[in-house]
Amino acid sequence: MSLLRSPYQTEHFFDEMFAAGARSEVRPHYRRLAERLDNLPEAEFDQRRAAVDAAFLRRGVTFTVYNDSQGTERIFPFDLIPRIIPDAEWRRIEAGLVQRLHALNLFLDDIYHGQKILKDGVVPPALILGAKHFRREFMNFNVPRGIHVHVCGTDLIRDDRGNYLVLEDNLRCPSGASYMIENRAAMRRAFPQLFQSYGVRPVEGYAEQLLKTLLHLAPDQKEKPTVVLLTPGVHNSAYFEHCFLARQMGIPIVEGRDLVVRERRVHMRTTAGLRQVDVIYRRIDDDFLDPTVFRADSMLGVPGLVNAYRAGNVALANAIGTGVADDKVIYAYVPRIIKYYLGEDPILPNVNTYLASEQADRRFILDNIDKLVVKAANEAGGYGMLIGPAASKDECARFRAQVAAQPRNYIAQDPIMLSRSPTWCDGQLEGRHIDLRPYILHGEKITVTPGGLTRVALRKGSLVVNSSQGGGSKDTWVLKGDT
Amino acid sequence: MPPTRQAASAPPERPQMTVMLSRVAHSLYWMSRYIERAESTARLLDVNLHFLADLQDLSVASQNTWESLILSSGAYEEFRKLNATADSHSVTEFLAFDLRHAGSILNCVYAARENARMIRDQISLEMWEVINELHLILKSTNTADVWARGPQEFFTRIIRASHQFQGLTDATFPRSEGWEFIRFGKMLERADKATRILDVKYHILLPSATDVGGALDTAQWQAVLRSASALDAYRRYHVREILPWKAAEFLIFSDSFPRSLHFCVAQVDDLLRRILGETGARPRSAAARASRRLLGELESRTITDVLGQGLHEFLMDCQATLAAISDEVAETTMFYPAESSLEDQQQQQQQ
């Protein structure tokens, strides 16, 4: 019996594994996987799936579901069919991501210094000066090594012809890298032989590269700098990841209450007294970092942290105020930003985007809201979003009113028929929509880990891949060659 | 020849984890204490359920035993509010499964797991898996099923998991400051439990002190020794009979049995020295002074002495000293600003 026996429909979508056409041929880089699946009895496949799930639960590879009185920890549903990217395709993605992060860093440095790009009229000043994540307090502040975004997770999707497009940039505290690594470990256990025959590039170097990136920020004269990971705490949905990364890097994981500032230096409370901290990989948003500067009611932050940062006594990754560049409105300007600073055309294009803040676009959005995807500028995790074609009349009307009232807060995009990948659903393979979040690190140079987190919308027909909304994930294989 | 290492770009040097956060020390200590507590309670209940199965006709004695068990657990008032009578079912239910009782086995396991989760980055994957797996099993266990299958299986599972955890801690946790906190928690809990196990029998023993040596008494003292996993060890020292005062002596004064009060206090004293950096002959901290004083008593006094003073009073004094030591250490090394409800804000951070 074969897993591929069931009639598989690519329909009118771009399918990662099967080329379109009457015979639905398996794409060359998926062929060895197809052979393996052909020879795998269904019972055995099920057994491996159960073993992988059990291992995730036992190892505590979970995320916390909010809005659930139980505070339930769940495993991130994992699909055993990997997403495979051949070498040539990956090189292009990699070049596009490096280019984009490079330009965004130049943009942030400009925004917090001379603001040439605003003066030259490439980006409307009102968009920046009125942006929620613009930190006026940090004008003319020189961040350590001139780098603003050290850790970046860029969401990519493929359209119905298989073109890679950038969906959004995550420049504040992108999460998910730990799942990329845990998914790989799970696949290695489930299909050890397959890895030997395919040349899959390893993702396990991520943590080491991250540590290098963080150490790069330490003051020169420090012989053994102290690097810590600052977590909001055990109730945060990404707490597993914080622990995972801290363990992999061998650095302490601290909460705000573990840190204390004395004479503009940050210290951690240890059993042997205070000890100075040099670099903080913070997984807390700007707003919560320091109650004396940002939100006064923050209990997660460290009073005085910003002062220590300004004095150059501690480095933060990512820097404060990077959110101004991953705002969904600024996103629309990124192709122009790349052109402005690098004089190059973007290697990875954006999804066609309409800005409610611009009159003509706004008119278009209000008239066509049922055909568009509308997003709030500053929300993450799939919240504050309308998928017009799938929404009810009421929902459309509600969003129309919101867009009209606060145009700066909304953008709209053409709905993209995200590519699909075969996914195990109730006893057979069916096409499900996927995206890709690769992880880019900016230390001495910019590096992209070959792989990433492929998220999959498990509900039939759904385009929302977020874990908080019924999404799962797959292992992502970047090959050394093209097959 | 050792295999040559592949030439690769030099990995970054690991920042040495030579310091320990106070919060981490605190969690290691409680994780260890809670696991130990769950194990002791499981054994205590298991032994008593067994013991009574052997002596079914002695329902008066049985009633008495469960009453004493609750008395010595230190949660008598709490128990009384929730239950009318103390019998095998109500006491087991309360001490093992009742989520309203902070010291119940279920709550101990949950608390141990929550502490382990807070320091997930500090302990080995193996240690975490044992604790997490036990937690997952208990979460999906229904009390009625446990009773239906006989609670012994449940208790055995708790005890085994605790042993596995201790073994893995021993095999995978670095001998560092964290190790001292783990051991300190365990030894303090054991010492405290030793006093409580004995105290259970004090309630039974004293009213009928003249009965010493009766068949029921022997069986009961066997149960006491079993509750501390001490029966086999005791028999190696005292070949034939189980005499109440010898059993008490063994559990209080043995300097080689790892669950005796003396043995545990000696360990606590040693660990205190390391944790508090007490290098001099004369202790500087109140905690070290208290433990030295207690150890001194256990080294120099005799069982006759203690029975003369009153076993119960002696055990109560020991418990109070142990509690004072715990508080003092927490204050000096693990002090933390009072915890407020951080949950909402912790949840807001995500991208």
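Everything numeric here is computed off the predicted structure, so don't read it as measured data.

## Brief notes about the overall build of chain A
Part 1 of the reasoning: When you go through chain A residue by residue, the secondary structure sums to 15 helices and 22 strands.
Part 2 of the reasoning: Radius of gyration (C-alpha) of chain A: 23 Å, near the 23 Å computed for a compact globule of 483 residues.
Part 3 of the reasoning: Overall, the C-alpha framework of chain A stretches about 70 × 60 × 50 Å when taken along its three principal axes.
Part 4 of the reasoning: Taking all 483 residues of chain A together, the buried fraction comes to 49%.
Part 5 of the reasoning: Restricting the contact set of chain A to residue pairs at least 6 apart, pairs at least 24 apart contribute 69%.

## Describing the pairing of strand 6 (residues 227-230) of chain A
Residues and elements named next belong to chain A.
Part 1 of the reasoning: The alternating pattern of strand 6 places Val-227 and Leu-229 and Val-228 and Leu-230 on opposite faces, both of which are buried.
Part 2 of the reasoning: As paired elements, strand 6 and strand 11 (residues 279-282) share four bridges and run parallel to each other. In the sheet register, Val-228 faces strand 11, and the bridge partner there is Ile-280.
Part 3 of the reasoning: The sheet contact formed by strand 6 and strand 7 (residues 253-254) spans two bridges and is parallel. Bridged to Leu-229 within strand 7 is Ile-253.
Part 4 of the reasoning: In this fold, the crossover linking strand 6 to strand 7 by way of helix 9 (residues 239-249) has right-handed handedness.

## Brief notes about the environment of Trp-424 of chain A
Residue and element names in this part refer to chain A.
Part 1 of the reasoning: With respect to the secondary-structure elements, Trp-424 resides in strand 17 (residues 420-425).
Part 2 of the reasoning: The exposure class assigned to Trp-424 is partly exposed, which follows from the 17 C-beta atoms found within 10 Å.
Part 3 of the reasoning: Along the backbone, Trp-424 and Ile-253 are 171 residues apart, and their C-alpha atoms lie at a distance of 37 Å.
Part 4 of the reasoning: Excluding its chain neighbours within four sequence positions, the residues that come into contact with Trp-424 are Asp-79, Leu-80, Ile-81 and Leu-429.

## Some thoughts on the sheet that holds strand 13 (residues 353-355) of chain A
Residue and element names in this part refer to chain A.
Part 1 of the reasoning: On the basis of which strands lie adjacent, the open sheet formed by four strands has the order 13-16-14-15 and antiparallel pairing. The sheet is open, and its two borders are formed by strand 13 and strand 15 (385-387), each paired with just one other strand. The average angle at which neighbouring strand axes cross in this sheet is 20°, direction not considered.
Part 2 of the reasoning: Where strand 13 lies against strand 16 (residues 410-413), three bridges are found, and the strand directions are antiparallel. Following the sheet pairing, Leu-355 is matched in strand 16 by Ile-411.
Part 3 of the reasoning: Most of the contacts of helix 14 (residues 359-368) go to strand 13, to which it runs at about 110°, and overall it touches strand 13, strand 14 (373-376) and strand 16.

## Things to note about the domain arrangement of chain A
Residues and elements named next belong to chain A.
Part 1 of the reasoning: Segmentation of chain A into domains returns domain 1 (95-148 + 200-342) and domain 2 (353-413).
Part 2 of the reasoning: Relative to domain 2, the C-alpha centre of domain 1 lies at a distance of 30 Å.
Part 3 of the reasoning: Each partner contributes to the interface: domain 1 provides eight residues, whereas domain 2 provides eight residues.
Part 4 of the reasoning: The biggest single contributor to the side of domain 1 that touches domain 2 is helix 12 (residues 328-331), with three residues.
Part 5 of the reasoning: Residue composition of the side of domain 1 that touches domain 2, grouped by class: four nonpolar, one polar and three charged.

## Here's the deal with the sheet that holds strand 6 of chain A
Residues and elements named next belong to chain A.
Part 1 of the reasoning: Taken in spatial order, the four strands make up an open sheet running 7-6-11-12, and their pairing is parallel. Each edge of the open sheet is held by one strand with a lone partner, namely strand 7 and strand 12 (315-317).
Part 2 of the reasoning: Pairing of strand 11 with strand 12 involves three bridges; the strand directions are parallel. Looking at the pairing, Val-279 lines up with Ala-315 of strand 12.

## Description of the domain arrangement of chain B
Residue and element names in this part refer to chain B.
Part 1 of the reasoning: Domain boundaries assigned for chain B yield domain 1 (20-172) and domain 2 (175-335).
Part 2 of the reasoning: Domain 1 and domain 2 are separated by 20 Å when their C-alpha centres are compared.
Part 3 of the reasoning: For the side of domain 1 that touches domain 2, the element with the most residues is helix 1 (residues 22-54), which contributes 18 residues.
Part 4 of the reasoning: Per-class residue counts for the side of domain 1 that touches domain 2 are 14 nonpolar, 12 polar and five charged.

## Concerning the nonpolar core
Part 1 of the reasoning: Residues Val-374 of chain A together with Leu-251 and Val-268 of chain B are the most contacted members of the largest nonpolar core, which totals 228 residues.
Part 2 of the reasoning: In terms of residues, this core owes the most to one element, helix 1 of chain B, which gives 13 residues.
Part 3 of the reasoning: Ignoring anything within four residues of it in the chain, the contact list for Leu-251 of chain B reads Ala-194, Leu-198, Ala-228, Ala-230, Ser-260 and Leu-261 of chain B.

## Let's talk about the pairing of strand 3 (residues 78-85) of chain A
Every other side chain in a regular strand lies on the same face of the sheet, so the side chains alternate between the two faces.
All names here are of chain A.
Part 1 of the reasoning: For strand 3, the buried fraction is high: seven of the eight residues fall into the buried class.
Part 2 of the reasoning: Bridge count for strand 3 against strand 22 (residues 471-478) is five bridges, and the pairing is parallel. Its bridge partner being in strand 22, Ile-84 is matched across the sheet by Trp-477.

## Comments concerning helix 13 (residues 261-275) of chain B
Residues and elements named next belong to chain B.
Part 1 of the reasoning: In a regular helix each residue adds 1.5 Å, so 15 residues correspond to 21 Å; helix 13 covers 21 Å between its end C-alpha atoms and thus fits that length.
Part 2 of the reasoning: What helix 13 keeps buried is the set Leu-261, His-262, Phe-263, Cys-264, Val-265, Val-268, Asp-269, Leu-271, Leu-272 and Ile-275.
Part 3 of the reasoning: Trailing helix 13 by a residue or two, Gly-277 shows a phi angle of about 65°, which is positive.

## Notes on unusual backbone geometry
Residue and element names in this part refer to chain A.
Part 1 of the reasoning: Looking along the chain, the bond that leaves Ala-317 and enters Asn-318 is cis, with omega of -5°.
Part 2 of the reasoning: Looking at the secondary structure, you find Asn-318 in the loop between strand 12 and helix 12.
Part 3 of the reasoning: Positive phi, close to 50°, is recorded for Glu-263, a residue that is not glycine.
Part 4 of the reasoning: Residue placement: Glu-263 occurs in the loop between strand 8 (259-262) and strand 9 (265-270).
Part 5 of the reasoning: Positive phi, normally seen in glycine, also occurs at Arg-264, with a value near 55°.
Part 6 of the reasoning: With respect to the element layout, Arg-264 can be found in the loop between strand 8 and strand 9.
Part 7 of the reasoning: A residue is classified by how many C-beta atoms lie within 10 Å of it, and Arg-264, with 15 of them, is partly exposed.

About the cut-offs
Here the residue index of a chain counts from 1 through its sequence in written order. As they are written, the chains are lettered A onward and the ligands numbered 1 onward, keeping that order. Reporting of local features is limited, given that this is a predicted model, to residues whose pLDDT is at least 70; pairs of side-chain atoms are given and counted only at 80 or more, and all residues count toward the totals for whole chains, interfaces and linings. In this text, helices come from DSSP runs of H or I with a minimum length of four residues, and strands from runs of E with a minimum of two, each type numbered from the N-terminal end. Just to be clear, the radius of gyration here is over C-alpha atoms, and the globule rule we use is 2.2 Å times residues to the power 0.38. Exposed residues have 12 or fewer other C-beta atoms within 10 Å of their own C-beta, buried residues have 20 or more, and partly exposed residues fall in between, where C-beta atoms are placed from the backbone. We call two residues in contact when their backbone-placed C-beta atoms lie within 7 Å. When DSSP finds two or more bridges between a pair of strands, those strands are recorded as paired. Here the term right-handed applies to a crossover when the path leading from its first strand over the helix to its second strand runs clockwise, the strands being oriented away from the viewer. Axis definition: a line fitted to C-alpha atoms, over the contacting stretch in the case of helices. Angles run 0 to 180 degrees between N-to-C directions. All the domain ranges listed were derived from an automatic or database domain assignment. The nonpolar class holds Ala, Val, Leu, Ile, Met, Phe, Trp, Tyr, Cys and Pro. Asp, Glu, Lys and Arg form the charged class, and all remaining residues, Gly among them, are polar. Here, a nonpolar core means buried Ala, Val, Leu, Ile, Met, Phe, Trp, Tyr and Cys residues linked by C-beta atoms lying within 7 Å of one another. Multiplying 1.5 Å by the helix residue count minus one yields the expected span of that helix.

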